[in-house]
Each structure stands twice: as structure tokens, then as C-alpha cells.
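# Chain and residue survey
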Amino acid sequence: MKIVFTDLDGTLLDHETYSLEPARPALDALKGRGIPIILASSKTEAEMRPIAADIGIEDPMIVENGAGIVGLPDAKGGEAEAYRRLRAALEAMPPALRQKFRGFGDWSDEEVAEKTGMRLEAARLARKRQFSEPGLWSGSEEEREEFRALLAKSGFRAVQGGRFFTLMPETSKADAMRKVADFYRSKTEEAVFTIALGDAPNDAAMLEAADKGVIIANPAHAPLAETAREREGRIIRSDKAGPSGWNDMILQLLAQYSW
């Protein structure tokens, strides 16, 4: 059984327009073959539901950088306690350090819309946090490391995505991907082959953990560093950016493996 796990912003969705239309042929090809498409994003469940509906899928989703999974039995979803604890840890920071990070919880719907390029309604959904806090960092690298160390003492971590510096519980998209794969494995009793697509540092662990990782080009930030798995051919890269690259790579894999 094959399962596709995909990041959204800068991967399946265009970095600037948030459109997925160039990837429509590959999405339809996956659906036609009955291959689950697991959206794995820093976005909230509220944001991702319309995207899944647009694609025409009802597969499980990995939300808020792996901090939550929705659509599985006993899935960790619909809770806000993790977010309340995260905001409390943030407010307990020394003021000089705290002011270097500004997140969705600090901004209005209008400010989130301005900083992300989202429409106002989309920004409202993005602020419905349950597990994590995306934001922007304005301090030095030394201050960032101090910030991360204090977060760790409270049981949280920070990862740099393609656009935002996101605070979250000690978990990852890779951990969530394994849980979803285990669910399908137990449900079907078949061998599971995982394909993961992403473009940013917060996707790296998922790409490394997948049977086949695909790095989608994103000229908006520096490319991910080459790893041993890439040198072994287990991770490949697209030439095109965003959904156009996504479309090319999925169709290439479908043809290569005759799926």
C-alpha cells in the first residue's frame, strides 16, 4: 500500500498565491488509484478542512506541524490545552526575549492576513490554534538559542518553516507520519510504502523518515541541505517550485514504479 504525505505551503500550495491548481493532474491520479493523500502542515484543522474538500479527500490529516492528527480513531485532536500551556510558557519568558517573538496569538485577524497574504477569513481560521504557535523571530541567533532552551524546559520546541518560526510540543510531522502509517498497516495488513513531499526545515524529519522523500524547490528560502539518504537516492528533488514541482514528481513516481 502506498501513502502520500505532503506539506502544504510552498509544496502543494504555491508560496505566494496558495493555489494548488498546477498539481491537480497528479492529485487526480492519486485519487484514481486509491492512494491516500495525507495533508501534513503547520496549518490548523480549521484551515485544512477546506483544502481537503477542494482536493476531494477525506483522509486523515496531520495538523500544526505534527502536534495533532485528525481523522484517526483516538486521534489527538480538538484539544486546546496544549496551546494554552504553550502561550503560558511564552508569557513566562524574560520580557526582552519575549518581545523578539510575535505570533498569531499576538496579532489580529487583519495582521495575520497582512503578514501571510491570506484573505481575512482564512486568517481567522489560521488563528484557531489548538497545539502550536507560528510567528516571526526578530532577534539574533544567540537569542534564538536561548529562547529555544527556555521553551524546552517547558516541554516545547521551535522549528523554522518556509515562512514562520513555529512553537509546538515535542513532536514532529515524522512522528505523526509513523502513527498514520501504522494505522493503515494495521487496517490493511499490507506493507506500507510512504512518500513524503516538503520544502522547508520543518519537513526534513518527515522526508528522512519516508521510504521516498521529495524535496520541492522553493526559491523563497535556501534549499535543504543534502543528506546521506539523498546521496543514496532515497530522497529526490524537483526542478520546478511549488505545486508544479509537486505535480511533476508525483507523476514521475507513478510512472517509475507503475503504480
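Above this text sits the structure in question.
Residues numbered from 1 in each chain as written. Predicted model: local features only at pLDDT ≥ 70, side-chain atom pairs only at ≥ 80, totals over all residues. Heavy atoms only, no water.

Close contact between helix α1 (residues 24-32) and helix α11 (residues 242-257) brings their axes to 8 Å; oriented N to C, the two are set at 35°. Relative to α11, α1 is oriented so that their crossing is left-handed. When α1 is examined against α11, the residues Arg24, Pro25, Ala26, Leu27, Ala29 and Leu30 are found in contact with a partner set consisting of Trp246, Asn247, Ile250, Leu251 and Leu254. (Axes fitted to C-alpha atoms, helices over the stretch in contact; angles between N-to-C directions. Helix = DSSP H or I, 4+ residues; strand = E, 2+ residues; numbered from the N terminus. Left-handed = near helix turned anticlockwise from the far one by under 90°. Contact = heavy atoms within 4.5 Å.)

Read from one edge of the open sheet, four strands run β5-β6-β8-β7, paired in antiparallel fashion. Whereas interior strands pair on both sides, the edge strands pair on one side only; in this sheet they are β5 (101-103) and β7 (156-160). Mean inter-strand twist for the sheet, computed between neighbouring axes without regard to direction, equals 35°. The sheet contact formed by β7 and strand β8 (residues 165-169) spans five bridges and is antiparallel. Residue pairing in the sheet places Arg157 in a bridge with Met168 of β8. In the packing of helix α3 (residues 81-91) onto the sheet, contacts are made with β5, β6 (133-137), β7 and β8, and the angle to β7 comes to roughly 85°. (Pairing = 2+ DSSP bridges.)

The strand order β4-β3-β2-β1-β9-β10-β11 describes an open sheet built from seven strands, whose pairing is mixed. The open sheet has two edge strands, β4 (68-70) and β11 (235-241), and neither has a second partner. In this sheet, adjacent strand axes meet at a mean angle of 20° when their direction is disregarded. Both strand β1 (residues 2-6) and strand β2 (residues 37-40) contribute to a ladder of three bridges, which runs parallel. In the sheet register, Val4 faces β2, and the bridge partner there is Ile37. Sitting on the sheet, α11 touches β1, β9 (193-198), β10 (212-217) and β11, and the angle it makes with β11 is about 135°.

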